[in-house]
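# Examining the three-dimensional arrangement
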Protein chains: 2
Amino acid sequence: MAGRGVTIADVAARAGVAASTVSYVLSGKRSISPETADRVMAAVADLGYHPHAGARALASRRAGVVAMMLPLRDGMHLPVLMQFASGAVTEARRHDQDVLLMTADEGPAGLARVAASAIVDGLILMDVEVRDPRVEALRRLGLPSVLIGFPADAEGLTCVDLDFEAAGRVCAQYLVERGCGDIALLGASEAVYARRTGFAERVREGFLSRNAARAEVWPCPDDAASVQRTVKELLTSKPELTGLAVHNEPAVGHVMHALADAGRRVGEDFHVVVIGPDEVAERTHPQLPSVLVPAETLAETAVRHLMRKLDGIDVPDSTLIEPQLTLR
Amino acid sequence: MAGRGVTIADVAARAGVAASTVSYVLSGKRSISPETADRVMAAVADLGYHPHAGARALASRRAGVVAMMLPLRDGMHLPVLMQFASGAVTEARRHDQDVLLMTADEGPAGLARVAASAIVDGLILMDVEVRDPRVEALRRLGLPSVLIGFPADAEGLTCVDLDFEAAGRVCAQYLVERGCGDIALLGASEAVYARRTGFAERVREGFLSRNAARAEVWPCPDDAASVQRTVKELLTSKPELTGLAVHNEPAVGHVMHALADAGRRVGEDFHVVVIGPDEVAERTHPQLPSVLVPAETLAETAVRHLMRKLDGIDVPDSTLIEPQLTLR
DNA sequence: CCTGATCATCGAAGCGCTTCGACGGACCCT
DNA sequence: AGGGTCCGTCGAAGCGCTTCGATGATCAGG
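Residues numbered from 1 in each chain as written. Chains lettered and ligands numbered in written order. Predicted model: local features only at pLDDT ≥ 70, side-chain atom pairs only at ≥ 80, totals over all residues. Heavy atoms only, no water.

Identification of chain A as DNA-binding LacI/PurR family transcriptional regulator from Glycomyces lechevalierae is taken from an unreviewed UniProt entry.

On to the sheet that holds strand β6 (residues 182-186) of chain A. Residues and elements named next belong to chain A. Taken in spatial order, the six strands line up as β7-β6-β8-β9-β10-β12 in an open sheet, and their pairing is mixed. Since the sheet does not close on itself, it has two edges, and those belong to β7 (215-218) and β12 (325-326), each with one partner. With two bridges joining them, strand β9 (residues 271-275) and strand β10 (residues 290-291) adopt parallel strand pairing. The residue bridging Ile275 from the neighbouring strand is Val291, located in β10. (Pairing = 2+ DSSP bridges. Helix = DSSP H or I, 4+ residues; strand = E, 2+ residues; numbered from the N terminus.)

Moving on, we get to the interface of chain B and chain A. Taken together, the contact between chain B and chain A spans 40 residues of the former and 40 residues of the latter. Taken together, both faces of the contact between chain B and chain A bury some 3,600 Å²; the carbon and sulfur share is 63%. Taken together, the connections running from chain B to chain A amount to four salt bridges. Salt-bridge contacts for A:Glu106 lead to B:Arg93; the nearest nitrogen and oxygen are separated by 3.3 Å. Across the contact surface, chain B and chain A share eight residue pairs in polar contact (both at pLDDT 80 or more). Elements that contribute at least two residues to the side of chain B that touches chain A include exactly α4 (53-60), β1 (65-70), α5 (78-94), β2 (98-103) and α6 (107-116) of chain B. Per element, the largest residue contribution to the side of chain B that touches chain A is nine residues, and it comes from α5(B). A breakdown of the residues in the side of chain B that touches chain A according to their chemical character gives 24 nonpolar, nine polar and seven charged. Examined bridge by bridge, strand β2 (residues 98-103) of chain A and β2(B) share three bridges and lie antiparallel to one another. What sits directly across from A:Val99, in β2(B), is B:Leu101. (Contact = heavy atoms within 4.5 Å. Buried area = accessible area lost by both parts, 1.4 Å probe. Salt bridge = Lys/Arg side-chain N within 4 Å of Asp/Glu carboxyl O. Polar contact = N/O pair within 3.5 Å; in protein donor to acceptor, adjacent residues only side chain to side chain. Nonpolar A, V, L, I, M, F, W, Y, C, P; charged D, E, K, R; others polar.)

Turning our eyes to something else, we now look at the protein's contact with DNA strand C. Surrounding DNA strand C, one finds 28 residues, the nearest of these being A:Thr21, A:Ser31, A:Thr36, B:Ile8 and B:Arg30. In the interface set of DNA strand C, defined as its atoms within 4 Å of the protein, sugar plus phosphate atoms amount to 58%. B:Ser23 places a polar side-chain atom, nitrogen or oxygen, 2.9 Å from a phosphate oxygen of DNA strand C. Between DNA strand C and B:Arg56 there is a distance of 3.1 Å, counted from a phosphate oxygen to a side-chain nitrogen or oxygen. The set of elements that each furnish at least two residues to the surface near DNA strand C consists of α2 (19-27) and α4 (53-60) of chain A together with α2 (19-27) and α4 of chain B. (Near = heavy atom within 4 Å.)

Here it is in C-alpha cells:
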C-alpha cells in the first residue's frame, strides 16, 4: 500500500523469492514460472512497488528518460509547440519513459551535461535550424537523438519533418481541381527563405511541380502594407489568376482584405488555401482550407524513432510526414 | 575532454586525491584546502566530468529533478502555459535542477509513480481546481510540492496564485480614476463561477471593495449574442455607466462591438479594462489596459518555494502575486 | 537408471556516488 | 613538552537495482 521506501528486497521477501527473481519477472529478461511470476506481481501490487529510478539507471545504464529540447522563449507558434510537447510526452509514456524538458537556450553545453550525467537516454531536438550549433555537439556526443526539421548537414542524423514538398503539391492540386487557371504561392518574406532555405524551397518546388506553366511563387513580407501591395501587383500582372496558396501565417488576414478590396470573392470566383495552423485558417471569412503542420504526429514519430534507436533497431535517416489538407 | 564514461574515480586519480575528496569539493559539504580544491576542479574541467545522475540520486536520495504537471491537452490558454513552462525550467536550472514534464492526465497514479520511483524530489502542479483528486494524492504521498491555484482545502499545502482580489480592486481603481461614475464588472459565465468559485469570487470582491455603491458585477456567457444582450441590458439599467472591467477573455471582442453599436466611444467617453492575457487586450481597437496573469513570475515563485521546501526551509502556505496593470 | 540438456531460481558482484567514522598532522593552550 | 582541538583527507560501507555465472530440479533419450 505504501510506495515510498519499498524496495525490491521487500517485494522479494513478501513473494518468497530472491531479489533477482523479482527483477527478472519485471523485466522479462529470463523466463520465470507463471506461479512465481504471479506471486511476485501480487507482492508488487500489494506494496505499491515502483523501482527506484536512480538505482535502475545506475545498474542498467538506462535512465528511462528522454530529453526534449524546445525553443521555449521566442516567437515559435505556440499551439504547435504545445501539441508537440503533449504528443511527445504521451508517446513516451507509452514506452514507459519520462520526458525531461529543456529549453533551447541551454544550447550545446546543456546537451553535453545531460549526456555526461546519463540523466537521459536520448534526445529530441525541436525546431532545428539549417545552421545549428547543437547539431555538431550532438554528433560529437553520440547521444541517440531525433531531430524535428533538417539541418544543412543531416549526415548520420535521424530527422523527421512534414513533407513540405508534398504540401506545396497538395495546395496546387487543390487549386487546379477548383478550376483555377493561373495560380500563385504567396510565400514568406525573403528573410525566412534565407534562414531555413530547405523548408520554404521545398514548398515552392512542390507547388510548381503540379502545373508549372501557370504557377508562380511570390515571396512577401507579412505587414499589412506589403501584403496589400504584393497582392495588387500579383493580380495586375496575372489577370487570370484565380487561385492563391498562402504560406505565411501572419499575412493570411491581410491577404483576405486585399482580395476583398480588389473585388475578388473568395470561395466563389477565387480560391485560397493556407499552409499553416488551423486557427489561422479558421479566423477568416470564409474559413479557408489548409494544410497544417501535424505537430502531434511529428512528435509521436520522433519519439517512436528514438525508442527504436535506443533498442538498437535501425530507423530511416529521414522521415517525411504526409501533409493533410483540411477542407472547410 | 570526453564526458561520457568519466567517473569520480577518474577525476580523483587525475587530481591525486580520494574519490570522497572530489565529492566534498563538488558539494562543499566539508572544508577542503584551496590547493586541493583547485586541483580537483582542474581535473573536473579537463575530463569534462559530470556526476552520474542515477548514482547521485541513489547515494544522496536527491534526484536533482522536479516534476511539473501541466494540463497539456485541453483549452488552457497557451501563451500562459508556455510562459509558465519556460519560467519554471529557467528558474529550476538556476538551482541546478532539471524539470520532468508530466501531463495532468497521468493523474494521481502518475504522482504515485514519480514519488515511489524517486525520480523527482518535488512537484509543481499547475492549474489546480477546487475539487482536484490529485490534491488528495499529493497529501497522502507527502511529496514536497507547490500548487499554482487554490484547491478547496489548501490545508497544509503550499499554494501560489495571482492575487485576484487585488486585480479586481486595481480595475475598479483604474475606472474610478478615469472619472467613471457607475462601473461594472462583466464576469465569466455562471459555469466558470461554479467550477472555480474561489478565483472569480475574489475578483468580484476586489472590484466591489473600491466603490461598492456605484459598482455592479454581471456574469455573462462568452458567445457574441449573449454578450450583445448583456451589454445592452447593462447600459439600459445603468444609464450613467461609463466604466467596464471585463474578466472574460473570449468576450472582450464582442464587448467592444456591443459598445460601438451602442454609440460608446471607448477611450473617450467610456473606459474598459481587461483581466486577461496581453494578446486579448492588444487585439482590440483601441487597445485596452489590462491586468494579466503573470505566468512567468508565478512559475519562478513556485520553483523557488519548492527549492526552499526541499532544503527544509519554511515557506508561507499561501503566496499571492501582486497584479500589474498595463496601460496602453 | 544414468547422462546431458533445459528450466527456474539464487547469490554475489558491481554500477558511481555520498557519507560516516577514523586518522594523522598542525596548532593552541598550559 | 604533553594534551586537546581542529582541519583536511582517506577508506569503506552502503544506496537499490541489474546481470552474470552457478546450482538444483526436471525431463527426455539411450
